[in-house]
Amino acid sequence: MTMKGMACALGALGVMAAVAAPEKVPAEWGRKVKWQESTEVTSRPGILSAAYMTDGDPRTVASFTQGIENGGEFSVKFPKPVTVTMVRFMQRGLKATHYRLWAVPAGTNAAVVVQDRTDEKPISMEWIELPVNRKVTALRFEGVAGEVGYRAAFPQIAEFEIYSTDGVPGGIPFVNAPFL
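These lines cover the structure that appears in this document, whether it is placed above or below.

Details of the packing of aromatic side chains
Piece 1. Going through the model one piece at a time under the given rule, you end up with ten aromatic pairs.
Piece 2. Here tryptophan 29 and tyrosine 163 contribute two aromatic rings whose centre-to-centre distance is 5.1 Å and whose plane-to-plane angle is 55°, an arrangement assigned as tilted. Remark: tyrosine 163 occurs in strand β9 (residues 157-164) and tryptophan 29 occurs in the loop between α1 (3-20) and β1 (31-32); sequence separation between them is 134 residues.
Piece 3. Residue classification places tyrosine 163 among the buried residues on the basis of a relative accessible area of 4%.
Piece 4. Aromatic pair phenylalanine 89 and tyrosine 99: ring centres 5.1 Å apart, planes at 90°, arrangement edge-to-face. Taken together, the residues span a long stretch of sequence, with phenylalanine 89 in strand β5 (residues 73-91) and tyrosine 99 in strand β6 (residues 96-105) at a distance of ten residues.
Piece 5. Judged by its relative accessible area of 0%, phenylalanine 89 is buried.
Piece 6. Exposure remark for tyrosine 99: the relative accessible area of 1% places this residue in the buried category.

Below, the structure written as structure tokens:
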């Protein structure tokens, strides 16, 4: 192998290691919640390849199903009230420039806006942080404005993380039922 070939191979390994390396987050955020295993998730429209939002690889994206040319939204409902400190996400492809994060505070049934953020231009492949800092029973993420594709909703989410200082109960029990 030539020196040039070896340098290219080492560079490629460095890029792969940078993508796979876990990122340090502030200790006050608590731990990352495995929300895909412990919450009830709903979306409008449906989300294709939802597992990509939690696979740790920002190169893969979850997309909303086609049909609307508008912002998509999804909600997570916790099995018990949880102190959520931070929500952060990464987007690519069709990106939102305006998004809202709603929360249902513990002891209430009404959702309130905890973050309403508008960016001058779309942010791609960078973490967008939305502080929550309250005990909640549910969260709803909503794309309000952004890049619209033909019959395609935005944003396309590469990663979506929820952090909490509380322990979140284990996963949802497996149900043996037909695929719908």
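Focus: the pattern of salt bridges
Piece 1. Counted by the stated rule, this structure contains ten salt bridges.
Piece 2. Glutamate 161 serves as the salt-bridge partner of lysine 32, at 3.4 Å between the closest nitrogen and oxygen. In this pair, lysine 32 is assigned in strand β1 and glutamate 161 in strand β9, connecting sequence segments 129 residues apart.
Piece 3. A salt bridge links arginine 100 to aspartate 116; its shortest N-O distance comes to 3.2 Å. Highlighted residues: arginine 100 in strand β6 and aspartate 116 in strand β7 (residues 112-118), separated in sequence by 16 residues.
Piece 4. For arginine 100, a relative accessible area of 22% corresponds to the partly exposed category.
Piece 5. Look at the salt bridges and you will find they share partners, linking Lys32, Arg88 and Glu161 into a network.

A closer look at the nonpolar core
Piece 1. Within the largest apolar cluster, 31 residues are counted, with the highest numbers of intra-cluster contacts made by Phe78, Val84, Leu139, Phe141, Phe160 and Ile162.
Piece 2. Elements that contribute at least two residues to this core include exactly β5, β6, β8 (128-146) and β9.
Piece 3. Sort the elements by how many residues they give to this core and β5 lands first, with seven residues.
Piece 4. Setting aside anything within four residues of it in sequence, one finds isoleucine 162 in contact with Arg31, Lys32, Val33, Trp35, Val76, Phe78, Val84, Met86, Val87 and Leu139.

Side note on unusual backbone geometry
Piece 1. The omega angle of the peptide bond from arginine 44 to proline 45 is -15°, so this bond is cis rather than trans.
Piece 2. Considering the arrangement of structural elements, one finds proline 45 in the loop between β2 (40-44) and β3 (47-48).
Piece 3. In the segment running from phenylalanine 154 into proline 155, the intervening peptide bond is cis, with an omega of -5°.
Piece 4. Within the chain, methionine 125 stands out as a residue other than glycine whose phi angle is a positive 60°.
Piece 5. Positionally, methionine 125 belongs in the loop between β7 and β8.
Piece 6. Owing to a relative accessible area of 34%, methionine 125 belongs among the partly exposed residues under this scheme.
Piece 7. For arginine 151, which is not glycine, the phi dihedral falls at a positive 55°.
Piece 8. Within the secondary structure, arginine 151 sits in the loop between β8 and β9.

Definitions and limits used
Residues numbered from 1 in each chain as written. Predicted model: local features only at pLDDT ≥ 70, side-chain atom pairs only at ≥ 80, totals over all residues. Heavy atoms only, no water. Phe/Tyr/Trp six-rings, centres within 6.5 Å; stacked < 30°, edge-to-face > 60°. Helix = DSSP H or I, 4+ residues; strand = E, 2+ residues; numbered from the N terminus. Buried < 20%, exposed > 50% of the residue type's maximum accessible area, 1.4 Å probe, protein only. Salt bridge = Lys/Arg side-chain N within 4 Å of Asp/Glu carboxyl O. Core = buried A, V, L, I, M, F, W, Y, C linked by side-chain atoms within 4.5 Å. Contact = heavy atoms within 4.5 Å.

Just distances and angles here, no functional claims.
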